[in-house]
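Per-entry structural report
So you can see what is in the structure, the chains are spelled out below.
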Amino acid sequence: MISEEKRLSYINTIKEFCLMDDVFLSAVFDDDIELTEFLLQVILENDKIKVKSSKAQYAIKNIAGHSAVLDIFAQDEHGRNFNVEVQRVNTGDLPKRARYYVGLIDAKEFKAGLDYGKLNDTYVIFITEHDVLGYDLPIYHIKKNIAENGAELDDGSHVIYVNAEKRNTVTPLGRLMHDFFCKTAGDMLSSKLSAKVGYMKDEGGVGKMCELMQKLADKEAEERVHSDRIATALWLLNQGFDVEKVAEGARLSREEVEELAKRIA
């Protein structure tokens, strides 16, 4: 139950949100197949993309390593994976983050027993507030090639950076980026985005927004507790305690502790 004081605080925050804020992006696109389809069709310049599922704040757990929560995760009718992230601050680590996300998604979605030839394509798309690559282009498609002859090597992994500095009212991508910075639905150029943003910012969807913000706050608190438990377990393992005692002392599952033990073996 959200207190009235916190609810009013959330509502004031929601008024200032735009789609470049990951919390609001998540609320707008979660389970919205039509809107996610529109987003991917514009970015990839392919109106034949047909999305079959779209989830926001999609968590991929990695007990033995770094986990991730994806802003938007979608799959199309061909089984291709799409991850869309918004990034307001240039941390300088986006290329390695993209590399990790591709691998993490592949590991999560590739079913055991399948031949590698059945591995579906995975797209990781960063919408960045600033031109992080610095070439003054509206979009960057990162591809692999053979160093000796420059030939392209298509392994099914795709990394794309959308430069949101290139906002305009002329090109489809420029119009989309314009809309990503609008705080008011009436200022948006896309009727699809405007309708959903308007709904999420008025009484129709503001309740869902407040619930999402509270859920994320609770999740962050839970993750801090879990991180402390992981640290405790690692310390106990390094002191030579057996798995059962570590699991009990750190309040983790035996499976988690066994994975941690493998890391330090």
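Everything in this summary refers to the structure shown in the same document.

Rules and cut-offs
- All residue numbers here refer to positions counted from 1 along the written sequence of the relevant chain.
- Local features in this predicted model are restricted to residues whose pLDDT is 70 or higher, and side-chain atom pairs enter the listing and the counts only when it is 80 or higher, whereas totals over whole chains, interfaces and linings include all residues.
- To obtain the side-chain values, all non-hydrogen atoms of the structure were used and water was disregarded.
- Helix and strand definitions follow DSSP, with helices as H or I runs of at least four residues and strands as E runs of at least two, each counted in order from the N terminus.
- Contacts are assigned to residue pairs with any non-hydrogen atoms lying within 4.5 Å of each other.
- Each accessible area value is a Shrake-Rupley result obtained with a 1.4 Å probe; residue values ignore everything except the protein chains displayed when judging cover.
- Here a helix's expected span is defined as the number of its residues, less one, multiplied by 1.5 Å.
- Strands were regarded as paired on the criterion that DSSP finds at least two bridges between them.
- Axes, fitted as lines to C-alpha atoms, cover a helix only where it is in contact. Angles between the N-to-C directions of the axes lie from 0 to 180 degrees.
- Burial classes: relative accessible area under 20% of the type maximum marks a residue as buried, over 50% as exposed, and values in between as partly exposed (1.4 Å probe, protein chains only).
- Assignment of crossover handedness uses the view with strands pointing away from the viewer, where a clockwise path from the first strand over the helix to the second indicates a right-handed crossover.
- Any Phe, Tyr or Trp ring, taking Trp's six-membered ring, that has another such ring centre within 6.5 Å forms a pair; planes under 30 degrees apart are called stacked, those over 60 apart edge-to-face, and the others tilted.
- We call a set of buried Ala, Val, Leu, Ile, Met, Phe, Trp, Tyr and Cys residues a nonpolar core when their side-chain atoms join them within 4.5 Å.

**Re the overall build of the chain**
A tally of helices and strands in the chain yields nine helices and eight strands. Over its C-alpha atoms, taken along the principal directions, the chain stretches across nearly 65 × 65 × 35 Å. Here the contacts in the chain between residues at least 6 apart in sequence split such that 58% fall between residues at least 24 apart. Of the roughly 15000 Å² of accessible surface on the chain, 50% is carried by carbon and sulfur atoms.

**Points about helix α4 (residues 94-109)**
Under the 1.5 Å per step criterion, the end-to-end length of α4 is 22 Å for 16 residues, consistent within 8% with the ideal 22 Å. Packing partners of the buried residues in α4 comprise β1 (51-60), β2 (68-76), β3 (81-87), β4 (122-128) and β8 (157-163).

**What about the sheet that holds β1?**
Strands in a sheet are paired, the pairing made by backbone hydrogen bonds, and the direction either parallel or antiparallel. Taking strand neighbours across the sheet as the criterion, the six strands line up as β1-β2-β3-β4-β8-β5 in an open arrangement whose pairing is mixed. The open sheet has two edge strands, β1 and β5 (139-142), and neither has a second partner. The average angle at which neighbouring strand axes cross in this sheet is 20°, direction not considered. In this structure, β2 lies alongside β3, joined through four bridges in antiparallel fashion. Its bridge partner being in β3, F73 is matched across the sheet by N83. On the sheet, helix α2 (residues 22-29) packs against β1, β2 and β3 and is oriented at approximately 30° with respect to β2.

**Details of the pairing of β4**
Burial of β4 is extensive: seven of the seven residues sit out of reach of the surface. Burial of the side chains of β4 extends over both faces: T122, V124, F126 and T128 are buried on one face and Y123, I125 and I127 on the other. In this structure, β3 lies alongside β4, joined through seven bridges in parallel fashion. Paired with F82 across the two strands is Y123, which belongs to β4. A crossover connection joins β3 to the parallel β4 through α4; in handedness this β-α-β unit is right-handed. Relative to β8, β4 is paired through seven bridges, and the arrangement is parallel. Its bridge partner being in β8, T122 is matched across the sheet by S157.

**Focus on the packing of aromatic side chains**
Throughout the structure, instances matching the rule amount to six aromatic pairs. Relative to Y123, the ring of F82 has its centre 4.9 Å away and its plane inclined at 20°; by these criteria the two rings are stacked. In this pair, F82 sits in strand β3 while Y123 sits in strand β4, placing the two residues 41 residues apart along the sequence. Neither residue differs from the other here; F82 and Y123 are each classed as buried.

**Here we look at the pairing of β8**
Counting buried positions along β8 gives six out of seven residues, so the element sits mostly inside the fold. Pairing analysis gives four bridges linking β5 to β8, with the strands arranged antiparallel. For I142, the partnering residue across the bridge sits in β8 and is V159.

**With respect to the nonpolar core**
Of all hydrophobic cores here, the largest spans 47 residues; its most connected members are L19, I43, I127, L176 and F180. For this core, the element with the highest residue contribution is helix α3 (residues 33-44), accounting for seven residues. Residues contacting F180, with those up to four places away along its chain left out, are C18, L19, M20, L25, L39, V86 and I127. Counting residues in hydrophobic clusters, the runner-up holds 16 residues, among them Y101, F126, V159 and Y161.

**A few points about the environment of S3**
Structurally, the position occupied by S3 is in the segment before α1 (4-15). Owing to a relative accessible area of 39%, S3 belongs among the partly exposed residues under this scheme. Expressed as a C-alpha distance, the spacing of S3 and A59, which sit 56 residues apart in the sequence, is 27 Å.

None of the figures reported here should be taken as evidence of function without further support.
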